[in-house]
Amino acid sequence: MDIVNHWINGAAFEGESTRTGPIFDPALGRVAREVRLATTGDVDVAVAAARAAFPAWADTSLAKRQAIIFTFRELLNTRKLELAEILTAEHGKVISDALGEISRGLEVVEFATGIPHLVKGEYSENVSTGVDVYSTREPLGVVGVISPFNFPAMVPLWFFPLAIAAGNSVVLKPSEKDPSSSIWMAQLFQEAGLPDGVFNVVHGDKVSVDALLEHPDVASISFVGSTPIAKYIYETGSKHGKRVQALGGAKNHMLVLPDADLDLVADSAVNAGFGSAGERCMAISVLVAVEPVADELIAKIASRMSSLRVGDGRRNCDMGPLITREHRDKVAGYIDIAAEDGAKVVVDGRGIAVDGESDGFWLGPTLIDAVPTTSRVYTDEIFGPVLSVVRVATYEEGVALINASPYGNGTAIFTNDGGAARRFQREVQVGMIGINVPIPVPVAYYSFGGWKDSLFGDSKAYGPDAIHFFTRQKAITRRWLDPSHAGVNLGFPENK
Ligand code: NAD
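Along every chain, residues carry numbers that run from 1 in the direction the sequence is written. pLDDT decides what is reported in this predicted model: residues at 70 or higher carry local features, side-chain atom pairs at 80 or more are listed and counted, and totals for whole chains, interfaces and linings draw on all residues regardless.

On to the packing of helix α2 (residues 62-78) against helix α7 (residues 180-191). Geometry of a packed helix pair, given as the angle between the helix axes and the separation of the axes. Contact geometry for α2 and α7: axes closest at 9 Å, N-to-C directions at 130 degrees. With respect to their mutual orientation, α2 and α7 come out oblique. The two elements α2 and α7 cross, and the hand of that crossing is right-handed. From α2, F72, L75 and L76 reach across to α7, where they touch L188, F189 and E191. Lines fitted to C-alpha atoms define the axes, with helix axes restricted to the stretch in contact, and inter-axis angles between N-to-C directions lie between 0 and 180 degrees. Labels follow the DSSP assignment, with helices taken as runs of H or I lasting at least four residues and strands as runs of E lasting at least two, numbered in each case from the N terminus. Here the word oblique covers every angle except those under 35 degrees (roughly parallel), over 145 (roughly antiparallel) and from 65 to 115 (roughly perpendicular). Helix crossings get a hand from a simple test, with the near helix turned counterclockwise from the far one by less than a right angle marking a left-handed crossing and a clockwise turn marking a right-handed one. A pair of residues counts as a contact when their C-beta atoms, built from backbone coordinates, are separated by no more than 7 Å.

Should DSSP find at least two bridges between two strands, the strands are regarded as paired. Judged by pairing direction, the sheet is mixed, and its 3 strands sit side by side in the order β1-β5-β4 without closing on themselves. Taken across any chain shown, the strands that pair with only one partner, and hence form the sheet edges, are β1 (3-4) and β4 (20-25). Bridging between β4 and strand β5 (residues 30-36) involves 6 bridges; their strand directions are antiparallel. Directly across from F24, in β5, lies its bridge partner V31.

Once C-beta atoms are placed from the backbone, each residue is buried if 20 or more other C-beta atoms lie within 10 Å of its own, exposed if 12 or fewer, and partly exposed for counts between those two. With 7 of its 7 residues buried, strand β11 (residues 218-224) lies for the most part within the structure. One ladder, built from 5 bridges, connects strand β8 (residues 142-146) with β11; its direction is parallel. The residue of β11 that forms the bridge with V142 is V218. One ladder, built from 5 bridges, connects β11 with strand β12 (residues 243-247); its direction is parallel.

Okay, the site of the ligand next. The environment of the ligand is formed by 27 residues, the closest being P148, G225, S226, G249 and C281. In terms of domain composition, the shell around the ligand takes at least three residues from each of domain 1 (3-248 + 454-477) and domain 2 (252-435). Any residue whose backbone-placed C-beta atom lies within 6 Å of a molecule or strand is treated as near that molecule or strand. In this entry, domain limits derive from an automatic or database-based domain assignment.

Within helix α3 (residues 80-90), burial applies to L83, A84, I86, L87, T88, A89 and E90. Here the buried face of α3 lies against β4, β5, α4 (95-112) and α7. Where α3 terminates, the next one or two residues include G92, which has phi positive at roughly 105 degrees.

Turning to the sheet that holds strand β6 (residues 123-128), a few remarks are in order. If you walk across this open sheet you meet the 3 strands as β6-β7-β23, and the pairing is antiparallel. Of all the strands in the sheet, just β6 and β23 (471-479) have a single pairing partner and so form its edges. Averaged over neighbouring strand pairs, the angle between their axes works out to 30 degrees when direction is ignored. Relative to strand β7 (residues 131-139), β6 runs antiparallel, the two being bridged by 3 bridges. Looking across to β7, one finds that S124 is bridged to V133.

Within the UniProt annotation, "domain: Aldehyde dehydrogenase" (unreviewed entry) is assigned to residues 16-476. This span, residues 16-476, is 41% helix and 22% strand, and a straight line between its end C-alpha atoms measures 46 Å. UniProt positions are given in the numbering used here, feature names are shortened, and annotations may be inferred rather than shown by experiment.

Before going further, it helps to spend a moment on the nonpolar core. By our criterion, buried Ala, Val, Leu, Ile, Met, Phe, Trp, Tyr and Cys residues that link up through C-beta atoms within 7 Å make up a nonpolar core. L162 and V170 are the most contacted members of the largest nonpolar core, which totals 91 residues. With 10 residues, the top contributor of residues to this core is helix α6 (residues 154-165). The contact partners of V170, leaving out residues within four places of it in the chain, are A50, V143, V145, F160, A163, I164, V198, F199 and N200. Formed by 65 residues, the second largest nonpolar core is a distinct cluster that contains V286, V354, I368 and V390.

See the structure below:
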């Protein structure tokens, strides 16, 4: 069986580990290949390669770095279908969705091509007589990136292009569930002219993550994954003196006011609830309907759900399988919990007819009405194609519900009332807000990140926050002495 190796110093690296993990083809329901799970020693080799490559890369002119990023962008855009096929084979999402993921990642590469502008410093002339002050931005050194299974291309692309453009070298530890796209991107970057050792990929589990968190030569950690692990990463990385940004899980609510266009709401709820089988951190998982719209809305959503084709992502379906059999079973278990907790299962996705192999990890779109907010169906991040409906009497009750959630990643309001939307934008305690937009993922020149348990640290991903995160500033105070300068003076320097 094929084994996916690490990528260190511009070449495949087997390392010393005897441990491997399975990579499934979720639509076929069987193991397609294996991935190496690194030892601490393997991680040391990757960090040493990145450390050795750093000084020359940091010293490479902005013009040369920019040219390499441009070439990487061109190659990625031209060959994105190859990458989409890898994503579909290992993650299961349908090809059109995989291409969508890549296009959102490409946006970040395009933003990174502007690196000469992005790292510009500031300059103040004559702050005191004959004295000027200016600032510069320098790369951190070796930076670590740890990514989740659900966006195997886009989430790494949120970080490594900007980190590298800013002059850092990178060790990426992708999800062990779908690791091949990272290797493909590292090879492509080499083809674009990136020097060996600047971008390294190690595969693994907790062992490799802990090795990165504790390594003295790793300057920062960028993490995306579930909330308990994000919190652990933030605490452990900080304890080891690193700069850390750790993006966690979510439970995203969509608030529907009675004046909203219910056809737009129904389309949006279906797209945002079931796209990528609900395995998106910005998926809508709770629809909060301000009465009296719930009955009509549920009928419209259920009718759209009946036309969704579930099956192998290579067969032009709308929705693919879940990532593993265990995850599928866990998500399906919430449908039983819903019934036990007194909710009403309107559409049950179990046993749905699929266009694919019977062993695939299938679960059809599921809609549950009247979900009690005490139920685990409401409180847990399910991360599957399960959309809950909670009915409320007023706007205020809806906002209070959203603000009581420990998560604060994304939310949306659907209304035609501009005043209500403006009030929502100001009152809701969430990092990314959509107004008649269900998945408000900011464009690449803003930054992506939630509030509360959805982000630990003070920096969001990509956009301006990434430049702040991946560089350190120096402030330089300079004067050129006049031949007639005043000589020794032990007083505290004052501005004159
Ligand atoms: P996960 O937390 O299980 O894994 C994320 C990464 O952490 C992987 O690389 C994994 O190998 C590693 N990891 C797992 N367990 C670990 C442990 N005990 N110690 C150290 N490292 C460990 O997440 P996942 O299941 O791969 O991804 C889904 C989660 O990611 C969801 O909660 C989703 O909301 C979240 N997510 C968040 C965002 C965001 O931007 N906030 C984006 C995408 C996904």
